[in-house]
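# Commentary on secondary and tertiary structure
If you want the building blocks of each chain, they are given just below.
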Amino acid sequence: MHNDDRISVRARSLVWEAEGVISVELVHVDGVPLPAFEAGAHVDLHLPNRLTRSYSLCSRPGDVHRYVLGIGLDRASRGGSRWVHEQLRAGALLEISAPRNHFRLDKAAPAFALIAGGIGVTPILAMAQRLAELRKPVRMLYAVRHASAAAFTAELHALVPELTLHIDSEASLPPDLAGWLARLPRDTSAYCCGPAPMLDAFEAASARLGLTDARVERFSAPVVSAASTVAPYTVVLQRSGRSVDVAPGISILHALMDQGIQVPYSCMAGACGTCETRVLDGEVEHRDSVLTPTEKARGDVMMVCVSGSKGQRLVLDL
């Protein structure tokens, strides 16, 4: 990973929130304020085992004296969440990135719907806190597999009077997401974070119902491949005056790195937004899961780790 915005922090406390979920409170090692963030933001957590993982901030937006991450134990963890749950202790020193946000609230919307599945509740909690401060009308659906896995429920009930908690094991089926969305006014701004099947169902139902402002935050990107570009193309770096040829099956990021050109990156899967780069000319073949359909249609930014060019030439602000 290449990133120049690391911040040294200390884990001040770890709190059990639910079965398989802990919250980690981080403070700056020098006791100074941390960078401001908005609801929906995440940070990259750089672990001592050389892994980097992105986690959403669930603390109150505007509180720059601490960050709180809600971290669920992934049963398929390769050392990220498992290390946090089994190895991290209060007092440990860590490094994080500055907050980034591709899941921003449209605070001007007339009404809001928040949908969370499992540990997807973490950015949704920060949104609920901000919307409560703004006194905005909010409805929320929170789905978990078992009641013991429902985290932050006391806080959410206090913040969102119209909260529906769906327990899959008690209902014997997933929530009726389409039916729940169908009861919303069409001008509602809807936000969903959770496992891939929930997000896919949310996007399909939102499109069918005509919800024009429906946004998702994915845990990981859908499987994509830079190899979907079958012809070579050239990337022109406007600021440096350099040109780099990109062969079929090679990402722009790897082509740049092969030439010694450093670009910030993290997940290399089009899910975190770290490598977002401004596009000055050319048509982008978007393959990320960060940008909204409107942002992709605009074509002025791209994720160079997975997205490519539809034509023979792209001009980037690098």
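Because the structure is a prediction, the values reported are computed rather than measured. (Residues numbered from 1 in each chain as written. Predicted model: local features only at pLDDT ≥ 70, side-chain atom pairs only at ≥ 80, totals over all residues. Heavy atoms only, no water.)

## Thoughts on helix 6 (residues 196–209)
The end-to-end C-alpha distance of helix 6 is 20 Å, a good match for the 20 Å that 14 residues give at a rise of 1.5 Å each. When helix 6 is considered as a whole, its buried residues turn out to be Met198, Leu199, Phe202, Ala205 and Ser206. Seen along its axis, helix 6 keeps its buried residues to an arc of 135°; they face one direction. Exposed residues on helix 6 whose side chains face more than 90 degrees from its buried face are Pro197, Ala207 and Arg208. Where the residues of helix 6 are buried, they touch strand 7 (112–117), strand 8 (138–144), helix 5 (177–182), strand 10 (189–194) and strand 11 (213–218). Gly210 occupies a position one or two residues after helix 6 and carries a positive phi of about 80°. (Helix = DSSP H or I, 4+ residues; strand = E, 2+ residues; numbered from the N terminus. Expected span 1.5 Å × (residues − 1). Buried < 20%, exposed > 50% of the residue type's maximum accessible area, 1.4 Å probe, protein only. Arc of directions from axis to C-beta. Contact = heavy atoms within 4.5 Å.)

## So, the pattern of salt bridges
Within this structure, the stated rule accounts for 19 salt bridges. One salt bridge in this structure joins Arg100 and Asp44, with 2.3 Å as the shortest N-O distance. Taken together, the residues Arg100 in the loop between strand 6 (93–96) and strand 7 and Asp44 in strand 3 (residues 42–46) connect sequence positions 56 residues apart. On the basis of relative accessibility, which here comes to 14%, the residue Arg100 falls in the buried class. (Salt bridge = Lys/Arg side-chain N within 4 Å of Asp/Glu carboxyl O.)

## Remarks on the domain arrangement of the protein
Under the domain assignment, the protein is made up of domain 1 (6–97), domain 2 (111–217) and domain 3 (233–316). Here the C-alpha centroids of domain 2 and domain 3 sit 32 Å apart. (Domains from an automatic or database assignment.)

## A few points about helix 2 (residues 121–134)
Residue pairs spaced three or four apart in an α-helix point in one direction, given the helix's 3.6 residues per turn. With 14 residues, helix 2 extends 20 Å between its outermost C-alpha atoms, agreeing within 8% with the 20 Å of an ideal straight helix rising 1.5 Å per residue. Where burial is concerned, most of helix 2 is hidden: ten out of the 14 residues are buried. Inspection of helix 2 places Val121, Thr122, Pro123, Ile124, Leu125, Ala126, Met127, Ala128, Gln129 and Leu131 among the buried residues, and these make up the whole buried set. Close packing links the buried residues of helix 2 with strand 4 (52–56), strand 5 (67–72), strand 7, strand 8, helix 3 (153–159) and strand 10.

## Some details on the UniProt feature "transmembrane region" (unreviewed entry) in the protein
The feature "transmembrane region" (unreviewed entry), as given by UniProt, occupies residues 108–128 in the numbering adopted here. Summarising residues 108–128: 38% helix, 29% strand, and an end-to-end C-alpha distance of 15 Å. (UniProt positions renumbered as here; feature names shortened; annotations may be inferred.)

## Quick word on the environment of Asp63
With respect to the secondary-structure elements, Asp63 resides in the loop between strand 4 and strand 5. Among the residues examined, Asp63 registers a relative accessible area of 15% and is labelled buried. Each C-alpha atom, one on Asp63 and one on Pro33, is 8.8 Å from the other, the two residues being 30 residues apart in sequence. Polar contacts involving the side chain of Asp63 include one to the main-chain amide nitrogen of His65, which spans 3.1 Å. Side chain to side chain, Asp63 and Arg66 meet in a polar contact 3.5 Å long. (Polar contact = N/O pair within 3.5 Å; in protein donor to acceptor, adjacent residues only side chain to side chain.)

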